[in-house]
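These are the residues of each chain, in order.
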2 protein chains.
Amino acid sequence: MPIDPKRTVAELKELRSLTGDENGAQRVAFTPTWAKARKWLRSKVEGTGAEIHNDSAGNFWATLPGRSDKALLIGGHIDSVPNGGWLDGCLNTLAGVEILRRIKEQYKGEPPVTVRLVDWCDEEGARFGKSLFGSSACSGKIDMDETRGLKDKDGIRLVDAVKEHGIDFEKVKDSGKELRNAAAYIELHIEQGPVLLDLDLPLGTVLGTFGVERHAITFRGQAAHSGSTPMNRRRDAFLAAGKMGSAIYEIAKRSGQGVCTIGSCTTKPGIVTSVVEECRITLVQRHLDANALQQMLDEAKAASEKFAKEGNVDVAWERIWNIEPILFNNELIGMADAAIAETGAKPHRLPSGPLHDAAEVARAGVPTVMMFVQSLHGISHNKIEDTKEEHLELAVTAFDKLADKAIRWIAGRVD
Amino acid sequence: MPIDPKRTVAELKELRSLTGDENGAQRVAFTPTWAKARKWLRSKVEGTGAEIHNDSAGNFWATLPGRSDKALLIGGHIDSVPNGGWLDGCLNTLAGVEILRRIKEQYKGEPPVTVRLVDWCDEEGARFGKSLFGSSACSGKIDMDETRGLKDKDGIRLVDAVKEHGIDFEKVKDSGKELRNAAAYIELHIEQGPVLLDLDLPLGTVLGTFGVERHAITFRGQAAHSGSTPMNRRRDAFLAAGKMGSAIYEIAKRSGQGVCTIGSCTTKPGIVTSVVEECRITLVQRHLDANALQQMLDEAKAASEKFAKEGNVDVAWERIWNIEPILFNNELIGMADAAIAETGAKPHRLPSGPLHDAAEVARAGVPTVMMFVQSLHGISHNKIEDTKEEHLELAVTAFDKLADKAIRWIAGRVD
């Protein structure tokens, strides 16, 4: 009684027809289209006989009780960004539905451990600008004060929007009790980058999510007339900031797997006839290793100070946000590699740049791993997001093998 | 019967008291304070017995008729920027008044050639954003369509504002007839940069005004997630633009006396989590030599294309504005050097970065030269603008010697 990966692909297409348009997926959380997708999901899950409920944060849970209360959690999110791709998030959920079907069939009702599918509520944060709503509520890491103040572009408060979907914002953290018996969490996701594409590999095992350091760096020199000020008399803030553009590539290279990005640059006075007095750039640095991340940050600071000195300008750093690397579970990583190998694909381990619900579950202390499937253009959050159907089928097969190994692993620890 | 440079310094202070405040000079053209300064200037000039009138562009002319109609013009501008310096423009005019006095006295009414002082109308363009109003009207180079549309920050049209000061905008070019017999034009000005200060020289001879090339340079790459996109897969527009920051310093150095400035930088999407897709910088390049200016432009274009290729991004150039170098008259340059040397100061030749009324007169074909006096902080358009009094006195003395040489030169060509 194997799973049927072709059914998952067919269901993904069915969902696309139901909730997408010519611009892509439109399942933005807390909208009618999202509610329609959730209703459709419920109809699919009902066929498995699983117990279904929404928790206090709007996360959808489908539970197949096992001989042990210890549970394997399989996660995904059916919400999308506006004009999103057809796979981001819902591949995870629908692969989970297929696994529930297989388990129900195989064990005739009572698997050795409890198996639960969770469809997280508002992973993308597309409407209110804050991602991982449901999973961060569940992990208890949600910033209640910040989230309480969020409004969408029409001025509608998140607190009011979620109420329409049966969620009392002040109680969202009660969803944490869902993790009480969680013994492992697994999630399949389309890679939101081109690593597997470049390596010509269909699947990868995710080692964890990058730690992140986000800073604003401000160089301050002296405004001066662009005609009358000799080059060697200038205190040019853009000269120093521009050098950072190349420096971060060298820093990232030295770090191994880290990445650094300057995402914005603003200049004051910012007029054609004046040397730039103030230049502000934003820098985000990511690494899976906390020490390497710190090293990258130290090197960027040293570079900025060197360039400031060279150009006789000042430099100031301001931290915007940071998060530590979140490492996935070594034993589950091994199982994911083995599951991939059993499909005939070559295992490959890679970090995740973007955060995922899996990171929140891992932060809550649940052993976690993710599996990535190749993205054809290395692009997500876009209607052109795509994966070869043969890779989708391979992914569902490998992910099911991972679920099987995880169930045996949990059962082995219970006994 | 020598001139009295101390009187010029005293008159500058008198003007400062009359039309400045704790924030600096407030003689913005077409304002009551400017009109007050003009009235004060007229009272000073009346003592010389010169014929006085305003031309159709609001330029103030004071004429001492000579045996020849051929005229030496001495120029300045009594208008200032808001919160301006106490010397910029009015030093020129008041030095001219002192020279008129000396000539009237020396020749008892009829110098060998006609000598005329002109106080240009709205050199700064502070209120309507377009400089050299009176002198460009006189040279015939004014852009009538552009200037006709100008408004100040309160929405008042230039056309209406100048009418209150007796100027019919549609007739401003009639002022060109004032140049009919112009045989030479000389102007003294505070240097608006630190060159003479750095060389510890009180005075300099100006070779001309820089030619200028202003361009917007837009690099276009690909927006991509700052976490999931490996460094070697990026098409980062900021990386390429940032390299221009250093390149222009090398280009300016190779050019000799040229200067290059990147005055602004904007990024799109300009968010912390995305690689920069589009980066637009503005570049202004200046050189006194037209070929060298073209070479600097060519080198900047080549550099931008090299950086674009290295980063797999596109680059496009858009010209915002340009003007050719305006070279002053070689014989008058020699006379200015000699005049400076006769005061005991060391002659030094330098180009002018900012444009001046003198450039408009030179464009109209009148042999022209300027003399600069050292600026204590290398700063102008600011209340801290200053020059040592001994340097001011030396400047008036040297400038008078230049006027004397120019009169003899014109007379020699007439005879």
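What you see is a predicted model, and the numbers here were worked out from it, not measured in a lab.

The rules behind these values
- Residues numbered from 1 in each chain as written.
- Chains lettered and ligands numbered in written order.
- Predicted model: local features only at pLDDT ≥ 70, side-chain atom pairs only at ≥ 80, totals over all residues.
- Heavy atoms only, no water.
- Core = buried A, V, L, I, M, F, W, Y, C linked by side-chain atoms within 4.5 Å.
- Buried < 20%, exposed > 50% of the residue type's maximum accessible area, 1.4 Å probe, protein only.
- Contact = heavy atoms within 4.5 Å.
- Least-squares fit on C-alpha atoms with pLDDT ≥ 70 in both.
- Pairing = 2+ DSSP bridges.
- Helix = DSSP H or I, 4+ residues; strand = E, 2+ residues; numbered from the N terminus.
- Axes fitted to C-alpha atoms, helices over the stretch in contact; angles between N-to-C directions.
- pLDDT = per-residue confidence, 0-100.
- Salt bridge = Lys/Arg side-chain N within 4 Å of Asp/Glu carboxyl O.
- Parallel < 35°, antiparallel > 145°, perpendicular 65-115°, else oblique.
- Left-handed = near helix turned anticlockwise from the far one by under 90°.
- Phe/Tyr/Trp six-rings, centres within 6.5 Å; stacked < 30°, edge-to-face > 60°.
- Lys NZ or Arg CZ within 6 Å of the ring centre and 35° of its normal.
- Polar contact = N/O pair within 3.5 Å; in protein donor to acceptor, adjacent residues only side chain to side chain.
- Buried area = accessible area lost by both parts, 1.4 Å probe.
- Expected span 1.5 Å × (residues − 1).
- Domains from an automatic or database assignment.

1. Observations regarding the nonpolar core
- Counting 268 residues, the largest nonpolar core has Val45 and Phe219 of chain A together with Val45 and Phe219 of chain B as its most contacted members.
- What Val45 of chain A contacts, discounting residues up to four positions off in sequence, is Ala50, Ile52, Phe60, Ala62, Val97, Leu100 and Leu117 of chain A.

2. Observations concerning the relation of the copies chain A and chain B
- For these two chains of identical sequence, chain A goes onto chain B by a turn of 179° and a shift of 0.1 Å along the axis, with RMSD 0.2 Å. The transformation just described matches what one would write down for a two-fold rotation axis. Residue Gly242 of chain A of chain A places its C-alpha closer to the rotation axis than any other residue of that unit, at 1.8 Å.

3. Things to note about the sheet that holds strand β11 (residues 278-287) of chain B
Residues and elements named next belong to chain B.
- Spatially, the four strands line up as an open sheet ordered β10-β11-β9-β12, and their pairing is antiparallel. Whereas interior strands pair on both sides, the edge strands pair on one side only; in this sheet they are β10 (259-268) and β12 (314-323). Sheet twist, expressed as the average angle between the axes of neighbouring strands with direction ignored, equals 15°.

4. Overview of the confidence of the model for chain A
- The share of residues in chain A with pLDDT of 70 or more is 99%, and the mean pLDDT across the chain is 95.
- Confidence metrics for the complex model read pTM 0.79 and ipTM 0.78.

5. Looking at the pattern of salt bridges
- The final tally for this structure, using the stated rule, is 58 salt bridges over all chains.
- The partner of Asp168 of chain A in a salt bridge is Lys171 of chain A, and the shortest N-O contact between them spans 4.0 Å.
- Using a relative accessible area of 38% as the deciding quantity, one classes Asp168 of chain A as partly exposed.
- Note on Lys171 of chain A: relative accessible area 46%, which makes it partly exposed.
- Measuring nitrogen to oxygen at the nearest pair gives 2.5 Å for the salt bridge that ties Asp337 of chain B to Arg349 of chain B. Residue Asp337 of chain B is found in helix α10 (residues 330-342), and its partner Arg349 of chain B is found in strand β14 (residues 349-352); the two are separated by twelve residues along the sequence.
- Accessibility expressed as a relative area gives 40% for Arg349 of chain B, which makes it partly exposed.
- Residues joined by salt bridges that share partners form a network here, namely Arg7, Glu11, Glu14, Lys44, Glu98 and Arg101 of chain A.

6. Quick word on the packing of α10 of chain B against helix α12 (residues 389-414) of chain B
Residue and element names in this part refer to chain B.
- Their axes nearest at 8 Å, the elements α10 and α12 cross at an angle of 140°. Taken together, the axes of α10 and α12 are oblique relative to one another. Every pair of crossing elements has a handedness; the one defined by α10 and α12 is right-handed. Residues Glu331, Leu332, Met335, Ala336, Ala338, Ala339, Ile340 and Glu342 of α10 form the contact with α12, whose participating residues are Ala398, Lys401, Leu402, Lys405, Ala406 and Trp409.

7. Focus: the packing of aromatic side chains
- For the structure on display, the rule yields ten aromatic pairs over all chains.
- Between Phe30 of chain A and Phe133 of chain A the ring centres are 5.7 Å apart and the planes differ by 90°, which places this aromatic pair in the edge-to-face class. Of this pair, Phe30 of chain A sits in the loop between β2 (24-25) and α2 (32-46) while Phe133 of chain A sits in helix α4 (residues 133-139), and the two are 103 residues apart along the sequence.
- Overall, Phe30 of chain A belongs to the buried group, its relative accessible area being 4%.
- Relative to Trp120 of chain B, the ring of Trp61 of chain B lies with its centre 5.7 Å away and its plane at 75°, an arrangement referred to as edge-to-face. Placement of the pair is Trp61 of chain B in strand β4 (residues 60-64) and Trp120 of chain B in the loop between β6 (113-119) and α4 (133-139), with a sequence separation of 59 residues.
- For Trp61 of chain B, a relative accessible area of 0% gives the class buried.
- Owing to a relative accessible area of 0%, Trp120 of chain B belongs among the buried residues under this scheme.
- By way of ring pairs, the aromatic residues Phe30, Trp34, Phe128 and Phe133 of chain A are connected into one cluster.
- Between Arg16 of chain B and the ring centre of Trp86 of chain B, over which it is positioned, the NZ or CZ distance is 4.3 Å.
- The ring of Trp409 of chain B has Arg413 of chain B lying over it, and the distance from NZ or CZ to the ring centre is 3.8 Å.

8. A closer look at the side chain of Ser264 of chain A
- Relative to the helices and strands, Ser264 of chain A resides in strand β10 (residues 259-268).
- A residue is classified by how much of its surface remains accessible, and Ser264 of chain A, at 10% relative accessible area, is buried.
- At 2.9 Å, the side chain of Ser264 of chain A and the side chain of Thr282 of chain A are in polar contact.
- In this structure Ser264 of chain A touches Arg280, Ile281 and Thr282 of chain A together with Thr267, Gly270, Ile271 and Val276 of chain B, once residues within four positions along its chain are discounted.

9. Overview of the environment of Arg319 of chain A
Residue and element names in this part refer to chain A.
- Mapped onto the secondary structure, Arg319 falls in strand β12 (residues 314-323).
- With a relative accessible area of 45%, Arg319 lands in the partly exposed category.
- Remark: the alpha-carbon pair of Arg319 and Arg214, spanning 105 residues in sequence, is separated by 6.0 Å.
- Setting aside residues up to four positions removed in sequence, Arg319 forms contacts with Glu213, Arg214, His215 and Leu297.

10. Here's the deal with the interface of chain A and chain B
- Contacts between the two partners involve 51 residues from chain A and, on the opposite side, 51 residues from chain B.
- Summing both sides of the interface, chain A and chain B together bury roughly 4000 Å²; the carbon and sulfur share of this comes to 61%.
- In terms of surface lost to chain B, no three residues of chain A exceed Met231, Tyr249 and Val272 of chain A, which account for 17% of the buried area on that side.
- The interface formed by chain A and chain B holds two salt bridges in total.
- Residue Asp198 of chain B pairs with Arg233 of chain A through a salt bridge whose shortest N-O separation is 2.6 Å.
- Within the residue set of the side of chain A that touches chain B, elements represented by two or more residues are α7 (195-199), α8 (237-254), β10 and β11 (278-287) of chain A.

11. Thoughts on helix α8 (residues 237-254) of chain B
All names here are of chain B.
- Spanning 18 residues, α8 covers 26 Å between terminal C-alpha atoms, matching the ideal 26 Å at 1.5 Å per step.
- Within α8, 14 of the 18 residues are buried, which leaves the element mostly enclosed by the surrounding structure.
- Two or three places before Phe238, at the opening of α8, Asp236 has a side-chain oxygen 3.0 Å from that residue's backbone nitrogen.

12. Some thoughts on the domain arrangement of chain A
All names here are of chain A.
- One can read the domain layout of chain A as domain 1 (5-209 + 325-414) and domain 2 (212-322).
- Spacing between the C-alpha centres of domain 1 and domain 2 amounts to 38 Å.
- At the interface, nine residues of domain 1 touch seven residues of domain 2.
- Together, the buried faces of domain 1 and domain 2 total about 590 Å²; carbon and sulfur atoms form 72% of this surface.
- Counting the surface domain 1 buries against domain 2, the share from its top three residues, Pro325, Pro351 and Gly353, is 61%.
- Counting every contact that joins domain 1 to domain 2 gives zero salt bridges.

13. A short note on the sheet that holds β12 of chain A
Residues and elements named next belong to chain A.
- Taken in spatial order, the four strands of this open sheet run β10-β11-β9-β12, and their pairing is antiparallel. Here the strands that pair on one side only, and so sit at the sheet edges, are β10 and β12. Looking at each pair of strands side by side, their axes are set apart by 15° on average, direction ignored.
- Summarising the sheet, strand β9 (residues 211-220) and β11 pair through ten bridges and their orientation is antiparallel. If you follow Thr218 over to β11, its bridge partner there is Arg280.
- Packed onto the sheet, α8 meets β9, β10 and β11 and runs at close to 175° relative to β10.

14. Remarks on the pairing of strand β15 (residues 368-373) of chain A
Residue and element names in this part refer to chain A.
- Buried residues dominate β15, accounting for six of its six residues.
- On β15, burial covers both faces: Thr368, Met370 and Phe372 on one face and Val369, Met371 and Val373 on the other are all buried.
- Sheet topology note: the strand β7 (residues 182-190)/β15 ladder contains six bridges and is parallel. Note on β15: the bridge partner recorded for Glu187 is Met370.
- As judged from the four bridges shared by strand β8 (residues 203-209) and β15, these two strands associate in the antiparallel manner. Looking at β15, one finds that Thr205 is bridged to Met371.

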